[in-house]
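# Commentary on secondary and tertiary structure
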Amino acid sequence: MANSKNLVSNGVRITGIGHYLPERIVTNDEIRPRLKYPEMHPAERAVIGNIGVTERRRANEKETAQFMAAETSKMILKDAGKKAEDVDLFILANWTDRLYLPDLAPQASKLAGTSNSLAFDICTACTGFVHGVQMASAFLSSGKFKSALVIGSERFSIRTKMNGYGEFTAGDAAAGVLLEYTGNKEFGIIDSFLKDDGDLSNIIEIGPGPNFYIKSYPELVTNAADLTLSSMDDLLKKNGLELEDIDWVIPHPGTDVVVQDVLKRTKFPREKILFNFERMGNTSAASIPVALSEYYYKGIVKKGDLILSPAVGAGFYWGGLLYRL
């Protein structure tokens, strides 16, 4: 088996980290009196479980996906010691506010002051951050781009029917990273992958247009947990790694049922798995980077740590990142 210290990256490193959390915190006590039905429907319980979230953030009218992404970028650039005009690429992962036209990324980029960047949206739901990092790495490896902001900015609350149990799980937030091509093979993106299966496209869906809400089916849970675990195993096996080689696992959480199933079946010790699901809920494409950012600024995640981040998203997608910070 390979020694984790001998892993070789693609020379693309995370050099800045940041997040933005909406000002308003919504507690369970605020939601419960609004519930249309006091008891959770069995179909809801199959997907949501015991909720597992005690509070979550709710964006106000000012806190659009573009605004939150721009505020996140400022924190990221400050951490990286870079100026906004240094950014070549601005990738925004978002599905909750998605329009036919225009893309949101150019608007977010303008707010951020990254006037020299090419900005565009991507939409692979909860795998958006994995997708964005993988795509940015390809751009940076081409030699034509030197730095890229990859930000997940989501308002899950607007795609969740209020006064129902789904409101407990949905959270709003933005978070992301600055990626730079440094050429240093010791740090950075070591491996990434994203796969899809159209046969599973109907287990989580939303109607067309701006006023439709997300609908999940019980099959989602089994597939989400199974594919999260297999994504972790695949990245370990492919890179010749053992559990003890990984410093931290920072996964996309999904729902409480998925979280508990993953925790029950994974071979990783609980203390190596970093979640903030209890305080954030599911923030979709922002889930992985907001946890990374919070634990980074708390001093728990440090430069040089080897991190594994699996994710599963509607579409149906699954994949993960292996990176040394």
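Thresholds applied
- Residues numbered from 1 in each chain as written.
- Predicted model: local features only at pLDDT ≥ 70, side-chain atom pairs only at ≥ 80, totals over all residues.
- Heavy atoms only, no water.
- UniProt positions renumbered as here; feature names shortened; annotations may be inferred.
- Helix = DSSP H or I, 4+ residues; strand = E, 2+ residues; numbered from the N terminus.
- Buried < 20%, exposed > 50% of the residue type's maximum accessible area, 1.4 Å probe, protein only.
- Polar contact = N/O pair within 3.5 Å; in protein donor to acceptor, adjacent residues only side chain to side chain.
- Contact = heavy atoms within 4.5 Å.
- Pairing = 2+ DSSP bridges.
- Axes fitted to C-alpha atoms, helices over the stretch in contact; angles between N-to-C directions.

### Remarks on the UniProt feature "domain: Beta-ketoacyl-[acyl-carrier-protein] synthase III C-terminal" (unreviewed entry) in the protein chain
Sequence positions flagged by UniProt for "domain: Beta-ketoacyl-[acyl-carrier-protein] synthase III C-terminal" (unreviewed entry) are, in local numbering, residues 236-324. From the first C-alpha to the last, residues 236-324 spans 14 Å; its make-up is 31% helix and 20% strand.

### A word on the side chain of Ser287
Inspection of the secondary structure assignment puts Ser287 in helix H10 (residues 287-297). You can call Ser287 buried: its relative accessible area is 3%. Polar side-chain contacts of Ser287 include one of 3.4 Å to the side chain of His252.

### A few points about the environment of Phe316
With respect to the helices and strands, the residue Phe316 is situated in the loop between strand S12 (306-313) and strand S13 (317-324). Accessibility expressed as a relative area gives 1% for Phe316, which makes it buried. Phe316 sits 23 residues away from Ser293 along the chain, and the two C-alpha atoms are 26 Å apart. Beyond its immediate sequence surroundings of up to four residues, Phe316 is in contact with Lys195, Asp196, Asp197, Leu200, Ser201, Ile203, Ile204, Leu220, Asn223 and Leu227.

### Focus on the UniProt feature "domain: Beta-ketoacyl-[acyl-carrier-protein] synthase III N-terminal" (unreviewed entry) in the protein chain
The UniProt record annotates "domain: Beta-ketoacyl-[acyl-carrier-protein] synthase III N-terminal" (unreviewed entry) at residues 120-198. Taken as a whole, residues 120-198 contains 23% helix and 39% strand, while its terminal C-alpha atoms sit 24 Å from one another.

### Structural notes on the sheet that holds strand S11 (residues 248-249)
Whenever strands of a sheet pair, they do so through backbone hydrogen bonds, lying parallel or antiparallel. The mixed open sheet is built from four strands, whose spatial order is S8-S13-S12-S11. At either margin of the open sheet sits one strand with a lone partner, and together these are strand S8 (188-196) and S11. Here S11 pairs with S12 via two bridges, running parallel. Residue pairing across strands places Trp248 opposite Ile307, the latter belonging to S12. In this fold helix H7 (residues 219-238) packs onto S8, S11, S12 and S13, with an angle of close to 145° to the strand it touches most, S12.

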